[in-house]
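Notes for the structure review
Each chain is listed here by its residues.
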Amino acid sequence: MKKFLVLGILSLYFSSSFAQEERKIPFSVAISAHITKYNQRIDAAYQDQDLERAQFLFDSLVTNHLSGTYMDDFSVYPLKGDPISLEEYEKPVFLITYASWCVPGIGEIPALNDLVDKFHDQIDFVVLFWDNKESLKEKAKEYTENIQLVHIDEKTNQDSYIINKLKHALGFPMMYFMDNNKKILDIRKIVTHHSSETLSNSYNIHFNSLSKGVSLLIADLDLNSEISPEANAEENEDQRTDEERDVDEEYERYKREKDSLNGKKRDNR
């Protein structure tokens, strides 16, 4: 009887562990599975000048397919020091992807700086420029020292699979909100407004928008600190929908490609 009981416990344990691992779908896999259909629909919305539908399609993609996935690990490059792996950031991550040729609203960076100075102890704020080091130097003086400014040159970065998806699939500038395990809680576009907007109004527009992302990360941080191990175990049960299961094939291709790339890296050393 004891033997069967032990076997039953082990079976439940490994089933739960397997289900938990299966649910950790990488962002790159999810975006690959859904981006083609999304692009077709959003192109049609823009052709019809239906901006409301375009926003609805973006929100639907994020809510139904991207939130809850896990950001693939990749390396970024600061102005000084060695490359940093995304996994090295231990706090929840507020990631903004940008480029030096993007023109921010006049109040955007001041609003971001104020939020960062207030919440950097709880959140890692990372602004990623799709640029070279020299371009980043020119932008650095505009940001508070509490923001982690980094850059990636797509042509030379070794994490080409995720970099391609992150840069080109949804475009930029874009905001990604991740918990400390790199689980994506939400993805939002940087708010835009007319260039004639005053500094005061622009600041308020961006502060209100950016603070929603901060509130999301802080609320998730507080919630996780209150959840018991028993509650976490229940949450980790496999509750995927049939549609989420459909990405498994894409996930297998992703793992094979990643293993192949890692093998090539080891061979080149």
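Residues numbered from 1 in each chain as written. Predicted model: local features only at pLDDT ≥ 70, side-chain atom pairs only at ≥ 80, totals over all residues. Heavy atoms only, no water.

How two aromatic rings sit relative to each other is set out by the distance from centre to centre and by the angle between their planes. Tallied over the entire structure, the rule returns 7 aromatic pairs. Look at Phe 27 and Tyr 176: their rings are 6.1 Å apart centre to centre, the planes differ by 90 degrees, and that puts the pair in the edge-to-face class. A residue pair is termed long-range when its members are at least 10 positions apart, and Phe 27 in helix H2 (residues 27–47) and Tyr 176 in strand E6 (residues 174–178) qualify at 149 residues. Here Phe 27 matches Tyr 176 in class, with each residue buried. Summarising the aromatic geometry, the rings of Phe 94 and Phe 177 are spaced 4.8 Å apart at their centres and angled 80 degrees between planes, so their arrangement reads as edge-to-face. Of the two residues, Phe 94 is situated in strand E3 (residues 93–98) and Phe 177 in strand E6; the sequence distance between them amounts to 83 residues. Like Phe 94, the residue Phe 177 is buried in the burial classification. Ring pairs connect the aromatic residues Phe 94, Phe 125 and Phe 177, which therefore count as one cluster. In this structure, Lys 24 packs its charged tip against the face of Tyr 70, placed 5.3 Å from the ring centre. A cation over a ring is seen here: Lys 189 above Phe 58, with NZ or CZ 4.8 Å from the ring centre. (Phe/Tyr/Trp six-rings, centres within 6.5 Å; stacked < 30°, edge-to-face > 60°. Helix = DSSP H or I, 4+ residues; strand = E, 2+ residues; numbered from the N terminus. Buried < 20%, exposed > 50% of the residue type's maximum accessible area, 1.4 Å probe, protein only. Lys NZ or Arg CZ within 6 Å of the ring centre and 35° of its normal.)

Moving on: the nonpolar core. Of all hydrophobic cores here, the largest spans 38 residues; its most connected members are Phe 27, Met 71, Phe 74, Leu 170, Tyr 176 and Ile 187. Sorting the residues of this core by element identifies H2, helix H3 (51–66), E3, strand E4 (124–129), helix H6 (160–169), E6 and strand E7 (184–189) as the ones contributing at least two each. Among the elements that make up this core, the one with the highest residue count is H2 (8 residues). Leu 170 has contacts with Phe 27, Ile 31, Ile 35, Tyr 38, Phe 58, Leu 61, Leu 66, Lys 165, Tyr 176 and Ile 187, leaving out every residue within four places of it along the chain. Counting 26 residues, the second largest nonpolar core, distinct from the first, contains Phe 119, Leu 149, Met 175 and Leu 210. (Core = buried A, V, L, I, M, F, W, Y, C linked by side-chain atoms within 4.5 Å. Contact = heavy atoms within 4.5 Å.)

Of the two faces of strand E1 (residues 75–78), only one is covered, namely that formed by Val 76 and Pro 78; the face formed by Ser 75 and Tyr 77 stays uncovered. Linking E1 back to strand E2 (residues 84–85) in an antiparallel pair, the connection comprises 5 residues, with Gly 81 at a positive phi of about 90 degrees. Across 2 bridges, the pairing between E1 and strand E5 (residues 148–151) is antiparallel. Counterpart to Tyr 77 in the pairing with E5 is His 151. (Pairing = 2+ DSSP bridges.)

Spatially, 7 strands are ordered E2-E1-E5-E4-E3-E6-E7 in an open sheet, and the strand pairing comes out mixed. Both outer strands of the open sheet, E2 and E7, are each paired with one neighbouring strand and no more. Examined bridge by bridge, E1 and E2 share 2 bridges and lie antiparallel to one another. Residue pairing across strands places Ser 75 opposite Ser 85, the latter belonging to E2. Running at roughly 170 degrees to E7, H3 makes contact with E6 and E7 of the sheet. (Axes fitted to C-alpha atoms, helices over the stretch in contact; angles between N-to-C directions.)

Okay, unusual backbone geometry next. Cis geometry marks the peptide bond from Phe 172 to Pro 173, where omega comes out at 5 degrees. Note on placement: Pro 173 falls in the loop between H6 and E6. Even without glycine at this site, Gln 49 takes up a positive phi of about 55 degrees. Note on placement: Gln 49 falls in the loop between H2 and H3. Even without being glycine, Lys 182 reaches a positive phi, approximately 70 degrees. Tracing the backbone shows Lys 182 in the loop between E6 and E7. Residue classification places Lys 182 among the buried residues on the basis of a relative accessible area of 1%.

All told, the structure shown has 3 salt bridges when counted by the stated rule. Between Glu 134 and Lys 137 there is a salt bridge, with its nearest N and O atoms 3.6 Å apart. Taken together, the residues span about one helical turn, with Glu 134 and Lys 137 both in helix H5 (residues 133–140) at a distance of 3 residues. Across the pair Arg 188 and Asp 186 runs a salt bridge, and its minimum N-O distance is 2.7 Å. Under the relative-accessibility criterion, Arg 188 is labelled partly exposed at 26%. (Salt bridge = Lys/Arg side-chain N within 4 Å of Asp/Glu carboxyl O.)

What sets the pattern is the α-helix's 3.6 residues per turn: residues three or four places apart point alike. If you check helix H4 (residues 108–119), its first and last C-alpha atoms are 17 Å apart, about what 12 residues at 1.5 Å a residue would give, namely 16 Å. Taken as a whole, H4 has its buried residues at Glu 108, Ile 109, Ala 111, Leu 112, Asn 113, Leu 115, Val 116 and Phe 119. (Expected span 1.5 Å × (residues − 1).)

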